[in-house]
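For reference, the chains in residue letters:
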Amino acid sequence: MTPVELIKKKREGATLSEGELRWFITGYVAGTIPDYQMSAFLMACFFKGMSEVETLTLTNLMLHSGIVIDLSETPGTKVDKHSTGGVGDKVSLILAPIVAACGVPVPMISGRGLGHTGGTLDKLESIPGFRTSLSLAEYKAVIRKVGAVLIGQTYEIVPADKKMYALRDVTATVECIPLIASSIMSKKMAEGIDALVLDVKTGRGAFMQSYERSLELAETMVRIGTGFGKETVAFITDMNQPLGTTIGNWLEVVETVECLKGIRGIGDGSGDLMEVTHVLSGAMLMLGKKAKTIAEGMALSRASIQDGTAYNKMLEITEAQGGDTSALENLERYPLSKYTMEVKTIEPGFVGEIDSLELGLTSITLGAGRERIEDIIDPKAGIVLSKKVGDSVEGGDTLAVLQTDREAILEPARERIRNAYRIQSSPPRTRPLILSYVEKGGVKTWM
Ligand code: URA
């Protein structure tokens, strides 16, 4: 077998055997197969796809390219949640303490923000002192002690994905469902979990913009998780406007704290955020065997906010990972951006749409995200939304407030945000936030 023969076989649309895939992937990780041959292989996969068995085999090979964490010392059914990424999506920050407070351990290995979507790690690191690069021993100790831990991917976990994802990023081979599914699921299977809840975003601000592609990705990932013996369910949720009212790292921590305290999240702009949070938490609590149904899990999730246990768990997690809990308890002490600017409407009407992709991209220019992996984030920077889809507005009303240290960016950013809001004369049709629920038995429309 030579790399060229194998690439040609895939190029012609043939199905590769386990032995062939193993030889190619292990050769690539070991450095005997160069980037240019892996690039050609990835492009062949992009155009010809991969069978279900090939996708499962690829996931398994990637998973075992590094260590697979064993959390058997931690009692209970360990459940994680993964989102394919959205704008203003701080669900992980709220849901991890909720689910842990309800008695289900949550081991979470998350990513950084790149492109228009933010990353959980950057949000957490805006809390002074919060460490997301823990050793494996620390990871195990924190989950055992507080019931939740949130860290970044380490070099020991799925090294094949680290190398392949970086290559896909620069060879236009990211948007391929078998490659995305095997990349995400190999990392999730390495965390030491027993079950997994997936949030596959769909719409303008999502990785997969069409419902059909989002569903295909969700079904593929549910099949992979189930194939590995981990109960896996997925929700397809709307990303046609940002979740909640904040975009930007510390701003999202503030919204998280206020939602965990129950000050926000009911009947206000954070209502959609908390709806998604409670549904996903409810599913995690069901998979974690603390509730018989998702609805029962959602009731536990809501109760953990009301009785303060979820907020206290957030403080415990922060302390265990070196963060300064007084920053969470005294939100007003955090440094402010040098400049703020309001974005106002010109005409009256109703907010019909908010282009979340455009808001995500604009927040990067304000300093809240990265254009390149080495860029430094300004934790204070971002956008606070005053109006969301369905709200009525008068001419001159504030739609959003920009926060940044970059004065020169303010004017162009204001124009972009104003154009990202579509104001129409009649109220928009209400659309469901949670579209479908996918489990091994099939797809259901959600409520
Ligand atoms: N996120 C991942 O981890 N991998 C992909 O391929 C796409 C998104």
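Please read these numbers as outputs of a predicted model, since none were measured by experiment.

**Side note on the overall build of the protein**
In step 1: Along its length, the protein carries 17 helices and 14 strands.
In step 2: Computed over its C-alpha atoms, the radius of gyration of the protein comes to 22 Å, within 12% of the 22 Å expected for a compact globule of 447 residues.
In step 3: By its C-alpha atoms, the protein is 70 × 45 × 40 Å across when sized along the principal axes.
In step 4: Put simply, the protein has 447 residues, and 57% of those count as buried.

**Brief notes about the pattern of salt bridges**
In step 1: This model, assessed by the stated rule, comprises 28 salt bridges.
In step 2: Residue E54 is joined to K10 by a salt bridge in which the shortest nitrogen-to-oxygen separation is 2.9 Å. Taken together, the positions of E54 in helix α4 (residues 52-63) and K10 in helix α1 (residues 3-11) put the pair 44 residues apart, joining distant regions of the chain. Neither E54 nor K10 differs from the other in exposure class; each is buried.
In step 3: With its nearest N and O atoms 3.4 Å apart, the salt bridge here joins E52 to R223. You can see E52 sitting in helix α4 and its partner R223 sitting in helix α10 (residues 211-227), a full 171 residues away along the chain.
In step 4: With relative accessibility at 40%, the residue R223 sits in the partly exposed group.
In step 5: Look at the salt bridges and you will find they share partners, linking D80, K188 and E191 into a network.

**Focus: the site of the ligand**
In step 1: The environment of the ligand is formed by Y165, R168, I180, S183, I184, K187 and F207.
In step 2: With respect to the ligand, the side chain of R168 contributes an N or O atom lying 2.9 Å from an oxygen atom.
In step 3: The contact in question runs from a nitrogen atom of the ligand to an N or O atom on the side chain of S183, over 2.6 Å.
In step 4: A total of 240 Å² of accessible area belongs to the ligand in isolation, and the protein chains cover 84% of it.
In step 5: Taken together, the elements giving at least two residues each to the shell around the ligand come down to α8 (159-170) and α9 (177-189).
In step 6: It is α9 that contributes the most residues to the shell around the ligand, four residues altogether.
In step 7: Among the residues forming the shell around the ligand, the class breakdown is four nonpolar, one polar and two charged.

**Observations concerning the nonpolar core**
In step 1: Counting 134 residues, the largest nonpolar core has M38, F41, F235, W250, I383 and Y421 as the members making the most contacts within it.
In step 2: The leading source of residues in this core is helix α12 (residues 271-287), at ten residues.
In step 3: Excluding its chain neighbours within four sequence positions, the residues that come into contact with F235 are V197, L198, D199, V200, V279, L280, A283, I294, I434, S436, Y437 and W446.

**Brief notes about the packing of aromatic side chains**
In step 1: Applying the stated criterion across every chain, the model contains six aromatic pairs.
In step 2: Both rings, one in F46 and one in F47, keep their centres 5.3 Å apart while their planes meet at 80 degrees; by these two values the pair is edge-to-face.
In step 3: For F46, a relative accessible area of 28% corresponds to the partly exposed category.
In step 4: A ring pair is formed by F235 and Y437, whose centres lie 5.0 Å apart and whose planes are at 40 degrees; its orientation type is tilted. One end of the pair, F235, is in strand β5 (residues 231-238); the other, Y437, is in strand β13 (residues 434-439), and 202 residues separate them in sequence. Y437 matches F235 in its accessibility class, with the two residues each being buried.
In step 5: When the ring centre of Y155 is taken as reference, the NZ or CZ atom of K162 above it lies at 4.9 Å.
In step 6: Stacked on the ring of Y165, the Lys or Arg K187 has its end atom at 5.8 Å from the ring centre.

About the cut-offs
Residues numbered from 1 in each chain as written. Predicted model: local features only at pLDDT ≥ 70, side-chain atom pairs only at ≥ 80, totals over all residues. Heavy atoms only, no water. Helix = DSSP H or I, 4+ residues; strand = E, 2+ residues; numbered from the N terminus. Rg over C-alpha atoms; globule rule 2.2 N^0.38 Å. Buried < 20%, exposed > 50% of the residue type's maximum accessible area, 1.4 Å probe, protein only. Salt bridge = Lys/Arg side-chain N within 4 Å of Asp/Glu carboxyl O. Near = heavy atom within 4 Å. Polar contact = N/O pair within 3.5 Å; in protein donor to acceptor, adjacent residues only side chain to side chain. Areas by Shrake-Rupley, 256 points an atom, 1.4 Å probe, with all protein chains shown as cover. Nonpolar A, V, L, I, M, F, W, Y, C, P; charged D, E, K, R; others polar. Core = buried A, V, L, I, M, F, W, Y, C linked by side-chain atoms within 4.5 Å. Contact = heavy atoms within 4.5 Å. Phe/Tyr/Trp six-rings, centres within 6.5 Å; stacked < 30°, edge-to-face > 60°. Lys NZ or Arg CZ within 6 Å of the ring centre and 35° of its normal.

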